[in-house]
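Below, each chain spelled out in residue letters.
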Amino acid sequence: MSGAATPRLAVSGLRVSFAAGLWGRRVAVDDVSLQLAPGEVLGLIGESGSGKTTVARAALGLIPADAGQVLLDGVAMPAAGAARRAWRRGAQLVLQDPDGMLNPGLTASEHLIESARLHPGEGGGPVERAEAMAEAMGLSARLQALPGELSGGERRRLGLGRVLLASPRLIVADEPTAGLDAHRKAELLDLLLAGRGAQGRAVLLISHDLPLVAWACDRLLVMVQGRVVEGFPARRLGQLPHHPFTAAALRAAGRPTPGHALNPEAEPSPRGCALARRCAGATARCTEETPPLTDRGDAHLLACHHPSAP
Ligand code: SF4
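Only a predicted model underlies this, so the values are computations on that prediction, with no experimental measurement involved.

Draft legend 1. Representation of the domain arrangement of the protein in the model. According to the domain assignment, the protein contains domain 1 (1–90 + 168–181 + 198–237), domain 2 (100–167) and domain 3 (239–310). For domain 1 and domain 3, the distance between their C-alpha centroids amounts to 22 Å. Listed as interface residues are 13 residues of domain 1 and, on the opposing side, 19 residues of domain 3. Only helix H8 (210–216), strand E9 (219–224) and strand E10 (227–233) provide two or more residues apiece to the side of domain 1 that touches domain 3. Residue contributions to the side of domain 1 that touches domain 3 peak at seven residues, all from E10. Class assignment for the residues of the side of domain 1 that touches domain 3 results in eight nonpolar, two polar and three charged.

Below, the structure written as structure tokens:
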């Protein structure tokens, strides 16, 4: 990423909490910062409940944040009106389950034409652009089908086609390939990532599938219990003294990687490192001090008091 260029997305100091019980609040995301350059693909990985979906929704202005700043091309989301709608159009969400975005009474063709009408662009009128998108999504033969008549993979491609017709500058994709076989995963990711070079579209790809995300992304951020605990260029996966969570995820994916064993049954620690009760390498320091996210050089960020050697 060029140091001088304005990031496509810049999130700093993001904190999000939710009501818990009568008077309490549960912190879901704590002090998360990230940046995406135009054309960059950043993977956000972590186990279920780690806060990655909350980061995505707060970054798109879909849920309120307690603290922090989100800038899209250097601009915070306007408070209301046409400017707010335009800001939101520039940053689109792609979900694992597109059904909430699809009208069961509209054909695939009508969905695409509607999106093309709402978001005028180059390449002809709404019908021409919709047909071109249907072809790119492999849906030309299914244009008259209703969502209920499409397969799960076809519905995802239809949902993605609608999003791409808006020509967003940023796509946040939340588990877009979950439940698909390997071939369909690669196909959908190819479609999702097309256009980032020419249009400079950035993609924030959220998943718990570490090998897949490493294949698709330029950089990875790893979240544990609402915090970023590691960040590094995707090509360096497996070559670094990784955070114990990252190392465990690599081992779970069949790649032998040194790192402290983690007990999946143990509860998060209320103080210090969230993994202090789960991690075989935990010391007294781990239970008392939250490890800060530290720059170890060569674009490697790590929050762990005792990382393993690679
Ligand atoms: S800080 Fe300590 S408990 Fe946390 S992951 Fe590192 S070694 Fe394990």
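Draft legend 2. Representation of the pairing of strand E7 (residues 170–174) within the structure. For E7, the buried fraction is high: four of the five residues fall into the buried class. Direction of pairing for strand E6 (residues 91–95) relative to E7: parallel, over a ladder of five bridges. Each residue of the ladder has a partner; that of leucine 95, found in E7, is aspartate 174. Here E7 runs beside strand E8 (residues 202–207); their pairing, made up of five bridges, is parallel.

Draft legend 3. Here's a closer look at the packing of helix H4 (residues 126–136) against helix H5 (residues 152–165). Between H4 and H5, the least distance of the axes is 10 Å, while the angle of their chain directions is 135°. By the angle class used here, H4 and H5 are oblique. Considering the relative orientation of H4 and H5, their crossing is right-handed. Across the interface between the two elements, Arg129, Met133 and Ala134 of H4 pack against Gly161, Leu164 and Leu165 of H5.

How each quantity is defined
- Just so you know, the residues in each chain are numbered from 1, in the order the chain's sequence is written.
- Only residues with pLDDT of 70 or above have their local features reported here, since the model is predicted, and side-chain atom pairs are shown and tallied only from 80 upward, although totals for entire chains, interfaces and linings are computed over all residues.
- By convention here, the domain bounds are inherited from an automatic or database domain assignment.
- Contact between residues is assigned whenever the C-beta positions, reconstructed from backbone atoms, fall within 7 Å.
- Under the DSSP-based scheme used, a helix requires at least four consecutive residues in state H or I and a strand at least two consecutive residues in state E, with every element numbered from the N terminus.
- Charged means Asp, Glu, Lys or Arg here, nonpolar means Ala, Val, Leu, Ile, Met, Phe, Trp, Tyr, Cys or Pro, and polar covers whatever is left, Gly included.
- Exposed residues have 12 or fewer other C-beta atoms within 10 Å of their own C-beta, buried residues have 20 or more, and partly exposed residues fall in between, where C-beta atoms are placed from the backbone.
- Strand pairing is assigned whenever DSSP identifies at least 2 bridges connecting the two strands.
- To get an axis, fit a line to the C-alpha atoms, keeping to the stretch in contact for a helix; angles then go from 0 to 180 degrees between the N-to-C directions.
- We call two directions roughly parallel when the angle between them is under 35 degrees, roughly antiparallel when it is over 145, roughly perpendicular when it lies between 65 and 115, and oblique otherwise.
- For any pair of crossing helices, the crossing counts as left-handed if the nearer helix is rotated counterclockwise from the farther one by less than a right angle, and right-handed if it is rotated clockwise.

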